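Structural characterization, general
Single-letter residue listing:
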Amino acid sequence: MILIALVATGAGIAIGLSAKKAIWEGWVTDRLFQVKTAFAGVDRVESAPVLVVGLDNVALNSERLAPIPRVLMAPLLAEAGQALLEAGAVAVGYDFVFAYSADSFVDPSTGEPRLRGFDLPFQRYLYQNRDRVFIAHTEVGVPHRSFTAAAGQGGVRSVIVSTDSDGVVRQHTPRLPLSESPHLIDALLAKGGVQISERYTAMPTTRLATSIPYLSLIDVLDLLETEAGRKDLQEFAAGRIVIFGGLLPFEDEHLYSDRFLPHLPAERAETGPSGRPRVQPQTAGVFILADFVAAAATGRIALEPVPGTLPALAIAFALIGAVAGLLLPLASLPFVAILGSVLGLGISLVGLSAGVLLAPGVMPVACLSAMVVSGVGKVGILQRRQRSLVKLFGHYLAPDVIKQMAVSEQLPELGGDTRPVVVAFIDIVGFTKMSESLADRDVVRVVNACFDEIGRVITKHEGYIDKYIGDAIMAVWNAPNKVEAPEKASVDAAAEIIGLLDQLRQITGQPPLDLRIALNAGPVLVGDIGGEHRRSFTVMGTTVNTASRVESVAKDCKVRLAISGSVAEKLPEDYPVSEIWTGQLRGLSTDISVFTLDRPEMYMEPRSGTDTQTTGSKEISADPGNLVNLKR
């Protein structure tokens, strides 16, 4: 058991820790975000320190912007960005790759550079706000060299976000120092005064498209035209980081952890006059950038646990699973698996509330894996050994007793309990005379052949062979196993054994061979007797002694089956029971009646009408006319 427990625990730890990178683990983490939000409620959502300005369909279809191609909107983006900086924005980031400059466009028919100087306002804006304004580059796109030069060193940052193994964006790893990091997120965090050095997981509480403060680009341009609008713009921008980005459907969208979260009610969202774009199945990249910045700034993040925490939890849950698999019944293991999974996920949920990301798959998988390994070991090794022990020692002891010892791995206590049973003594008649004419080896062969066939019938009828006494067998019904109707089962077994006489005579080659069976029912002490060095499982009591006395009645009455009244009265009504003797047996203080089944094979000699025999202190007649038929 110790070896199986160690192997199961080791397997649970290894498999559990490997689940940290499982493809399904991220899905479970997102569901934990959902549960966490359900407990906290969306009413506790705090205002984000980041404002998103979107180039959406409303802006592109507006009267002012509809005639302008998107590649020629740099001056308008500069105008909006400058206005937001003047309104109190801390920094501005653009989730756009300004890969083309209008200055390089020429008329295809004349070759004249008609747009020369068109991007000068945007270039001037970048130059004047160096270290406050950042533009983007991606794996395949970099800004035009004129914009890169205007933005200066550090003015161009990466907007690439990394995904987990399931293709979902959840984590960001800062590069220190933040102000010199190649990532736009880190540059904006540095401008916001946020200090963070560890990889973190943002924990959204609602769908980002419904909760992050948002203005359409056309809203910013329109608000600039009035004094009241500029005040509203100041309320949106003051003290916040601003990120510009595209919000057209199916453009720069990613799977993000907010996909299972509820929507923030529209009346609670900070939104401009034009409203928000429709929520898409995936999340716009600009919202993801904004959430990574906002989460780190507000502490809405989960960090990696202290080194050693996950291995310790994996060890604990693997031990739980290993012990459960070894000690609990197999039927209860599914419930243990459910409880282990719920407990592991609950600990991960508590960890999220404390700002620690405990990989949610490690603990349940460690528990389940260890439980499966130990359960297989239990069934394949321990229970196989138990079955072998039961089969081996079942020739000597009751199978129920062997099973109990195999499970408990210790001897039963000496003594026992009182139980009603039927005791049978089955004797080979004339064995002494027969053994005088046979060699010792033949005597053993005859006895073994008889005992084998008789024992098979006893076991078939749920009886237990208590012991062999020379040429006799002592059998018990209803101990140690429970028998529904022990009286009927014992009589049926006795009748079948007597029916085997011709077969036994043929097998043993002894035509004179005969049998005598006595049955008695009553309470006995069932259990172990003996000492610490030698013991025997048996039954003891007056019921046993009476059964042996009943056998003497069978001998005197020349019947093969003699049953006491305590057995006869419990038989079904269709069993033909006849009284053969009434009197006081040796060692007893009360009279007892003895019966047999009124069938020809139960009598050793043909019944005459006048023969009499004396048994004990009472004379009885063997005349069938004097037999009292007790068929009920």
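Attention here is on the structure that accompanies the text. For every chain, the first residue of its written sequence is number 1, and the numbers climb from 1 along that sequence. pLDDT decides what is reported in this predicted model: residues at 70 or higher carry local features, side-chain atom pairs at 80 or more are listed and counted, and totals for whole chains, interfaces and linings draw on all residues regardless. Calculated side-chain values reflect all of the structure's heavy atoms, with hydrogen atoms and water omitted.

Quick look at the overall build of the protein now. For the purposes of this entry, the term helix denotes a DSSP run of H or I that reaches at least four residues, the term strand denotes a run of E that reaches at least two, and both are numbered from the N terminus. For the protein, the helix and strand inventory stands at 21 helices and 23 strands. Exposure categories follow from relative accessible area, calculated using a 1.4 Å probe and restricted to protein chains: below 20% of the type maximum is buried, above 50% is exposed, and the middle band is partly exposed. The buried share of the protein, taken over its 632 residues, is 49%. Each accessible area is a Shrake-Rupley result for a 1.4 Å probe, and residues are judged covered by the shown protein chains and nothing else. Approximately 30500 Å² of the protein is accessible, and the part contributed by carbon and sulfur atoms is 57%.

Nonpolar core, defined: a set of buried Ala, Val, Leu, Ile, Met, Phe, Trp, Tyr and Cys residues in which side-chain atoms within 4.5 Å join the residues together. Core analysis: the largest hydrophobic core is formed by 56 residues, its most contacted members being Leu519, Leu561 and Ile563. When neighbours within four sequence positions are excluded, Leu561 is seen to be in contact with Ala494, Ile498, Ile517, Leu519, Phe595, Thr596, Leu597 and Met602. Core analysis: the second largest hydrophobic core is formed by 42 residues, Phe98, Val133, Val220 and Val242 among them. Contact between two residues is taken to exist if any of their heavy atoms lie within 4.5 Å; hydrogens are not considered.

Here the focus is the pattern of salt bridges. Opposite charge on two side chains permits pairing when their charged atoms draw close. Any Lys or Arg side-chain nitrogen found within 4 Å of a carboxyl oxygen on Asp or Glu counts as a salt bridge. All chains considered together, the criterion is met by 23 salt bridges. Linking Glu251 and Arg70 is a salt bridge whose minimum nitrogen-to-oxygen distance equals 3.0 Å. Separated by 181 residues along the polypeptide, Glu251 in the loop between strand E9 (241-246) and strand E10 (253-256) and Arg70 in the loop between helix H3 (57-60) and helix H4 (74-86) bring together distant segments of the chain. On the basis of relative accessibility, which here comes to 28%, the residue Glu251 falls in the partly exposed class. Arg516 is the salt-bridge partner of Asp427, the closest N and O atoms lying 3.7 Å from each other. Of this pair, Asp427 sits in strand E13 (residues 415-429) while Arg516 sits in strand E16 (residues 514-530), and the two are 89 residues apart along the sequence. Take Asp427 and Arg516: they sit in the same class, and that class is buried.

Two strands in a sheet stick together by hydrogen bonds in their backbones, pointing the same way (parallel) or opposite ways (antiparallel). In space, the 3 strands of this open sheet follow the order E6-E7-E12, with antiparallel pairing throughout. What marks the edges here is a single partner per strand, and that holds for strand E6 (171-172) and strand E12 (301-303). The criterion for strand pairing is that DSSP finds at least two bridges linking the strands in question.

What follows is about the packing of H4 against helix H5 (residues 120-128). Here, axes are lines fitted to C-alpha atoms. For helices the fit covers the stretch in contact, and angles between N-to-C directions go from 0 to 180 degrees. One can describe the packing of H4 onto H5 by two numbers: an axis separation of 7 Å at closest approach and a directional angle of 35°. The chirality of how H4 crosses H5 is left-handed. From H4, Ala74, Pro75, Ala78, Gly81, Gln82 and Leu85 reach across to H5, where they touch Pro121, Phe122 and Tyr125. Note on residue classes: Ala, Val, Leu, Ile, Met, Phe, Trp, Tyr, Cys and Pro are nonpolar, Asp, Glu, Lys and Arg are charged, and everything else, Gly too, is polar. For the contact of H4 with H5, the per-class residue count stands at 7 nonpolar, 2 polar and no charged. Two helices crossing with the near one rotated counterclockwise from the far one by less than a right angle form a left-handed crossing, whereas a clockwise rotation gives a right-handed crossing.

We now examine unusual backbone geometry. For the peptide bond that leads from Leu176 to Pro177, omega is -10°, which places it in the cis range. Considering the arrangement of structural elements, one finds Pro177 in the loop between E6 and helix H7 (184-191). Backbone geometry places Phe250, a non-glycine residue, at a positive phi of 65°. Mapped onto the elements, Phe250 comes out in the loop between E9 and E10. For Phe250, a relative accessible area of 67% translates into the label exposed. If you check the backbone angles, Glu462 has positive phi at about 70° while not being a glycine. Tracing the backbone shows Glu462 in the loop between helix H17 (440-460) and strand E14 (463-469).

The buried fraction of strand E20 (residues 591-597) is high, at 5 of 7 residues. Of the strand pairs in this sheet, strand E18 (residues 561-564) and E20 are connected by 2 bridges, and their pairing is antiparallel. Paired with Ile563 across the strands is Phe595, a residue of E20. Strand direction decides the pairing type here: strand E19 (residues 577-584) and E20, joined by 7 bridges, are antiparallel.

Note on aromatic pairs: the rings of Phe, Tyr and Trp (six-membered ring only in Trp) are paired at centre separations within 6.5 Å, and the planes decide the class, stacked below 30 degrees, edge-to-face beyond 60, tilted for the rest. In total, this model carries 14 aromatic pairs according to the counting rule given. A ring pair is formed by Trp27 and Phe260, whose centres lie 6.3 Å apart and whose planes are at 75°; its orientation type is edge-to-face. Of this pair, Trp27 sits in helix H2 (residues 25-40) while Phe260 sits in the loop between E10 and strand E11 (283-284); the two residues are 233 residues apart in sequence, bridging distant segments of the chain. Given a relative accessible area of 42%, Trp27 falls into the partly exposed group. Aromatic side chains Phe451 and Tyr468 sit 4.8 Å apart centroid to centroid with 20° between the ring planes, which places their arrangement in the stacked category. Here Phe451, found in helix H17, pairs with Tyr468, found in strand E14; they are 17 residues apart in sequence, far enough to count as distant. By relative accessible area, Tyr468 is classed as partly exposed at 45%.

Turning to helix H13 (residues 333-353), a few remarks are in order. Multiplying 1.5 Å by the helix residue count minus one yields the expected span of that helix. An ideal rise of 1.5 Å per residue puts 30 Å on 21 residues; H13 measures up with 30 Å between its terminal C-alpha atoms. Positive backbone phi, approximately 80°, marks Gly355, located one or two places after H13.

This paragraph deals with helix H18 (residues 486-498). With 13 residues, H18 should cover 18 Å at 1.5 Å per step; its first-to-last C-alpha distance of 18 Å lies within 8% of that length. When you tally the buried positions in H18, you get 10 out of 13 residues, the bulk of the element. Those residues of H18 that fall on the buried side of the exposure criterion are Pro486, Glu487, Ala489, Ser490, Val491, Ala493, Ala494, Ala495, Ile497 and Ile498.

On to the side chain of Thr582, then. The residue Thr582 is located in strand E19 in this model. Identification of polar contacts relies on pairs of N or O atoms within 3.5 Å, with a donor-acceptor requirement for protein atoms, meaning one able to donate a hydrogen and the other able to accept it, and with residues adjacent in sequence counted only if both atoms are side-chain atoms. Within polar-contact distance, the side chain of Thr582 engages the side chain of Glu579 at 2.7 Å. Within the local environment of Thr582, its side chain forms a polar contact with the side chain of Ser593, the two groups lying 3.4 Å apart.

On the basis of which strands lie adjacent, the open sheet formed by 6 strands has the order E4-E3-E2-E9-E1-E8 and parallel pairing. Sheet topology places strand E4 (156-158) and strand E8 (214-216) at the edges, where each strand pairs with a single neighbour. On average, each strand axis in the sheet is tilted by 25° relative to the strand beside it, whichever way the strands run. Two elements, strand E2 (residues 91-94) and E9, share 4 bridges in a ladder whose sense is parallel. The partner of Val92 across the bridge, within E9, is Val242.

Next up on the list: the environment of Leu585. Along the chain, the position of Leu585 falls in the loop between E19 and E20. Judged by relative accessible area, which is 7%, Leu585 ranks as buried.

Worth remembering: the numbers are spatial, not functional.
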